[in-house]
Amino acid sequence: MPPAADHGVRAALADLFPAPAEPPPRAARSRWALVLAEVAVVALGAVAMLARYSGRPAWDSVWAEDPGIYLPQALAHPWQLLQSYGGYLQLVPRVIAQGAALVPIRRASVVFAVSGALIASACGLFTYHASAGHVSSRWLRVLLGLSVVLLPVAQLEIADNGVNSIWYLLAALFWAALWRPRTRAGAAAAAIVAFAAASSTSLALLYAPLFAARALAVPRRPREHAATAGWALGSLLQVLVIVTSHLSRFSPHNPVNAVLYYGHEVLLPALGWHLSWHLRDLVGLSAATALMGGLILGVLAWAVATQPGRCRVFVIAAVATGLLFTAFTSAFAWGGPGQRVTILYEHGARYATVPILLLDAALIVAADAYARRWWPRPKAIAAVVALVAVLAAGWATDFRYPVRRQTGPGSNWALKADKWLSHCQREPGGTITVSFTDWWGKGRAKLATTFSCSSLRR
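Rules and cut-offs
Sequence order sets the numbering: in each chain, residues are counted from 1 along the sequence as written. Local features in this predicted model are restricted to residues of pLDDT 70 or higher, and side-chain atom pairs are both shown and tallied only at a pLDDT of 80 or more, whereas totals for entire chains, interfaces and linings draw on every residue. Side-chain figures throughout are based on the complete set of non-hydrogen atoms in the structure, without hydrogens or water. Categorising residues by exposure relies on relative accessible area from a 1.4 Å probe, with only protein chains included: less than 20% of the type maximum marks a residue as buried, more than 50% marks it as exposed, and the intermediate range marks it as partly exposed. Think of it this way: any DSSP run of H or I at least four residues long counts as a helix, any run of E at least two long counts as a strand, and we number them from the N terminus. We treat two strands as partners when DSSP finds at least two bridges between them. For the purpose of charge, His is not counted, nor are the chain termini; Lys and Arg are scored as positive and Asp and Glu as negative. The rule for a salt bridge is simple: a side-chain nitrogen of Lys or Arg has to be within 4 Å of a carboxyl oxygen of Asp or Glu. For this analysis, a polar contact is any N or O atom pair within 3.5 Å, provided that within protein one partner can donate a hydrogen and the other can accept it, and provided that sequence-adjacent residues contribute only side-chain to side-chain pairs. A contact between two residues is defined here by any heavy atoms of the two lying within 4.5 Å. For this analysis, a nonpolar core means a set of buried residues of the types Ala, Val, Leu, Ile, Met, Phe, Trp, Tyr and Cys, connected via side-chain atoms within 4.5 Å. Note: the arc covers the axis-to-C-beta directions of the helix. Only Phe, Tyr and Trp rings take part, Trp by its six-membered ring, and two of them pair if their centres are within 6.5 Å. Stacked means planes under 30 degrees apart, edge-to-face means over 60, and tilted covers everything else. The axes used here are C-alpha line fits, helices contributing only the stretch in contact, and every angle between their N-to-C directions lies in the interval 0 to 180 degrees. For classification purposes, an angle smaller than 35 degrees is called roughly parallel, one larger than 145 roughly antiparallel, one from 65 to 115 roughly perpendicular, and anything else oblique. Residues are grouped as follows: Ala, Val, Leu, Ile, Met, Phe, Trp, Tyr, Cys and Pro are nonpolar; Asp, Glu, Lys and Arg are charged; all remaining types, including Gly, are polar. Exposure above 30% relative accessible area and no salt bridge define the residues that can form patches, which grow by joining like charges within 9 Å and nonpolar side chains of Val, Leu, Ile, Met, Phe, Trp and Tyr within 5 Å. The Shrake-Rupley method, run with a 1.4 Å probe sphere, supplies the accessible areas, and residue values consider only the shown protein chains as cover. Crossings are classed by handedness, with left-handed meaning an anticlockwise turn of the near helix from the far one by less than a right angle and right-handed meaning a clockwise turn.

**Student:** Sorry, what's going on with the pairing of strand β3 (residues 431-437) here?
**Tutor:** The side chains of a regular strand alternate between both faces of the sheet. Alternating positions in β3 separate cleanly, Ile 432, Val 434 and Phe 436 being buried on one face and Thr 431, Thr 433, Ser 435 and Thr 437 remaining unburied on the opposite face. Note: β3 against strand β4 (residues 446-452), 7 bridges, orientation antiparallel. Paired with Thr 437 across the strands is Lys 446, a residue of β4.

So, in structure tokens, the structure goes:
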């Protein structure tokens, strides 16, 4: 590589992994006060997450593999956390399910909902801290953390359950890959997030290019590579499970799906799920996608063309990572453009989580760079106010709404739990078999798990 090109690559990598300012020294009392404040923030965020479903409370229902796979297997085979499902490892959902198996069975739904809410909230707080190198404004970093907790499409599939907590971890993993923490606590947090994400979904392997770039750009000190170590350990565990599972999960779909999915399910609802439906009612799906996509991508293209190197590199990395996720998940998992979508339910909405949150992050980083360059001129203030107004409009209209989860299977967990308890009261030495119809296998096979009545806690 020519010296000039090599210098340019190194400069770009340095901009992608900036070192934040040294933390100010704190007295022991103030450190404890900060810890208590952050615990309170996570708790408050979890309460907000639990409040996002209208109608039946989130803690009264269970969702998808939580009651169909993870809880029955936790009851049948306690603490066997390294079982594969679908050909890969899901460590965090299985840990949550094991916790649910240890409480009275009627309260299992509370464990799933609260655990999912706490993970989402904690990932929002982690994003606030890990973005310090790219977003100088504390208030804009708060906005970035809020984007995780207030994700417009969250209620459709991922909010307040164990199985889909992995999507919040994947979004946080992006920031763990970029963050250069200056404290041992920060390094430990980054390592935990990276390990949790990599050991819970094979999609964490898609971050390999970012961690490879980090290895080249960041000084080789242990604290600087705690996240890399956590990701590598989790990925090693994940690969071992994938190799030994001997299961080919998917066959590729039409690659055009990636373009359609990114347009219709990422760009269009990125700034608001209900707003996107109002827009498509007004002008049609294709025009609505073109309008919203043109607005978002136009702003980001302007940021790449006009803003300083750090902002430019971040926007490119964030959008490219979102596109990589979209290309992979839509090609192997999305049902295609013929799949039925309603305002109450969209199968596969979870695949939009990471791309949407990275678009939000790119917009916020661009606004921060522009404000830092021109503050306090009116145009800088106007840019920040416009960004806050646009994001807040979607968050407000999508904060709380009903979805299919509240009426479908598992919507009344107490009823299901009572049936199990009633059966076991009649046959104390009996067993219960739970069947779950997988959505990804050929022929939609039913997977059955049998556990004994003695494993249920009353």
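Text resumes after the structure shown.
**Student:** For this particular structure, what's the right way to read the side chain of Arg 214?
**Tutor:** Here Arg 214 shows up in helix α10 (residues 208-217). Within the buried set, Arg 214 has no salt-bridge partner at all; the shortest N-O distance to an opposite charge, 4.5 Å, is to Glu 224. Within the local environment of Arg 214, its side chain forms a polar contact with the backbone oxygen of Trp 179, the two atoms lying 2.7 Å apart. A distance of 2.5 Å separates the side chain of Arg 214 from the backbone oxygen of Glu 224, its partner in a polar contact. Among all residues touching Arg 214, those that are not within four sequence positions of it are Phe 17, Ala 176, Ala 177, Leu 178, Trp 179, Arg 180, Pro 181, Glu 224, His 225 and Thr 228.

**Student:** Mind showing me how you'd approach the nonpolar core here?
**Tutor:** Generally speaking, nonpolar side chains in soluble globular proteins are found buried as a group. Counting 134 residues, the largest nonpolar core has Leu 71, Ile 105, Tyr 168, Tyr 207 and Trp 420 as the members making the most contacts within it. Broken down by element, this core gets its largest block of residues, 14 residues, from helix α16 (residues 353-374).

**Student:** Would you take a moment to explain α10 for this structure?
**Tutor:** Structurally, the α-helix is built with 3.6 residues per turn, so residues lying three or four positions apart point the same way. Turning to α10, its buried residues number three or more, namely Leu 210, Phe 211, Ala 213 and Arg 214. All buried residues of α10 project into a common sector of 160° when viewed along the axis, lining one side. Exposed residues on α10 whose side chains face more than 90 degrees from its buried face are Pro 209 and Leu 216.

**Student:** Whenever I open this one, helix α4 (residues 91-101) confuses me. Can you help?
**Tutor:** Within α4, 9 of the 11 residues are buried, leaving the element largely enclosed by the surrounding structure. Those residues of α4 that sit buried are Leu 91, Val 92, Pro 93, Arg 94, Ile 96, Ala 97, Gln 98, Ala 100 and Ala 101. Against the buried residues of α4 lie α3 (65-76), β1 (84-85), β2 (88-89), α5 (108-130), α8 (165-178) and α9 (184-198).

**Student:** Is there a simple way to explain the packing of aromatic side chains in this structure?
**Tutor:** Given two aromatic rings, their pairing is described by the distance between the two centres and the angle made by the two planes. The final tally for this structure, using the stated rule, is 13 aromatic pairs. Relative to Phe 325, the ring of Tyr 207 lies with its centre 5.4 Å away and its plane at 55°, an arrangement referred to as tilted. Here Tyr 207 is found in the loop between α9 and α10, whereas its partner Phe 325 is found in helix α15 (residues 309-332), with 118 residues between them in sequence. Comparing Tyr 207 with Phe 325, the two get one shared label, buried. Here Trp 302 and Tyr 370 contribute two aromatic rings whose centre-to-centre distance is 5.3 Å and whose plane-to-plane angle is 65°, an arrangement assigned as edge-to-face. Here Tyr 370 lies in helix α16 and Trp 302 lies in helix α14 (residues 285-306), a separation of 68 residues in the sequence. Assessed through its relative accessible area of 13%, Tyr 370 is described here as buried.

**Student:** Would you explain the packing of helix α6 (residues 138-149) against α16 in this entry?
**Tutor:** Helix-helix packing is characterised by the crossing angle of the two axes and by the distance between the axes. Two numbers describe how α6 lies on α16: the axes approach to 10 Å, and their chain directions differ by 170°. Considering the angle they form, α6 stands roughly antiparallel to α16. Side by side, α6 and α16 meet where Leu 140, Leu 143, Leu 144, Ser 147 and Val 148 of the first sit next to Leu 357, Asp 360, Ala 361, Ile 364, Ala 367 and Asp 368 of the second. Of the residues in the contact of α6 with α16, the class split is 8 nonpolar, 1 polar and 2 charged.

**Student:** Whenever I open this one, the side chain of His 264 confuses me. Can you help?
**Tutor:** Mapped onto the elements of the fold, His 264 is located in helix α12 (residues 256-267). Residue His 264 is classed as buried on the basis of its relative accessible area of 18%. Ignoring anything within four residues of it in the chain, the contact list for His 264 reads Pro 269, Arg 280, Leu 285 and Thr 289.

**Student:** Honestly, the environment of Pro 72 in this entry has me stumped. Any pointers?
**Tutor:** Summarising the element assignment, Pro 72 is placed in helix α3. For the pair formed by Pro 72 and Ala 97, sequence separation is 25 residues and the distance between their alpha carbons is 8.6 Å. For Pro 72, the residues in contact, after removing those within four places along its chain, are Asp 66, Pro 67, Val 434, Thr 449 and Phe 451.

**Student:** What's the story with unusual backbone geometry in this structure? I'm lost.
**Tutor:** With the exception of glycine, the majority of residues adopt a negative phi angle, and the majority of peptide bonds are in the trans configuration. Of note, the phi angle at Trp 79 is positive, near 65°, even though the residue is not glycine. With respect to the element layout, Trp 79 can be found in the loop between α3 and β1. Of note in this structure, Asp 160 is not a glycine but carries a positive phi near 60°. Residue class for Asp 160 comes out buried when judged on its relative accessible area of 1%.

**Student:** Where do I start with a nonpolar patch on the surface in this structure?
**Tutor:** Residues Trp 32, Val 35 and Val 39 make up a contiguous nonpolar surface patch of about 330 Å² in total accessible area. Summarising the element assignment, Trp 32 is placed in helix α2 (residues 28-50). Taking relative accessible area as the criterion, Trp 32 reaches 61% and is therefore assigned exposed.

**Student:** Explain the packing of α5 against α6 to me, please; I cannot follow it from the model alone.
**Tutor:** Remark: α5 packs on α6, axes separated minimally by 8 Å, with the N-to-C direction vectors making an angle of 155°. Taken together, α5 and α6 sit at an angle that is classed as roughly antiparallel. Crossing of α5 against α6: the hand is right-handed. Across from Ala 120, Ser 121, Cys 123, Gly 124, Thr 127, Tyr 128 and His 129 in α5, the residues of α6 making contact are Arg 138, Arg 141, Val 142, Leu 144, Gly 145, Val 148 and Val 149. For the contact of α5 with α6, the per-class residue count stands at 7 nonpolar, 5 polar and 2 charged.

**Student:** Just checking my understanding: could you explain the pattern of salt bridges for this structure?
**Tutor:** As a working rule, side chains carrying opposite charge can pair if their charged atoms are close by. All chains considered together, the criterion is met by 5 salt bridges. Here Asp 418 and Arg 106 are joined by a salt bridge, their closest N and O atoms 2.7 Å apart. Of this pair, Asp 418 sits in helix α18 (residues 413-426) while Arg 106 sits in the loop between α4 and α5, and the two are 312 residues apart along the sequence. Arg 106 gets classed as partly exposed once you look at its relative accessible area, which sits at 32%. The partner of Glu 224 in a salt bridge is Arg 182, with the nearest N and O atoms 3.4 Å apart.

Bear in mind that shape data such as this cannot, by itself, settle questions of function.
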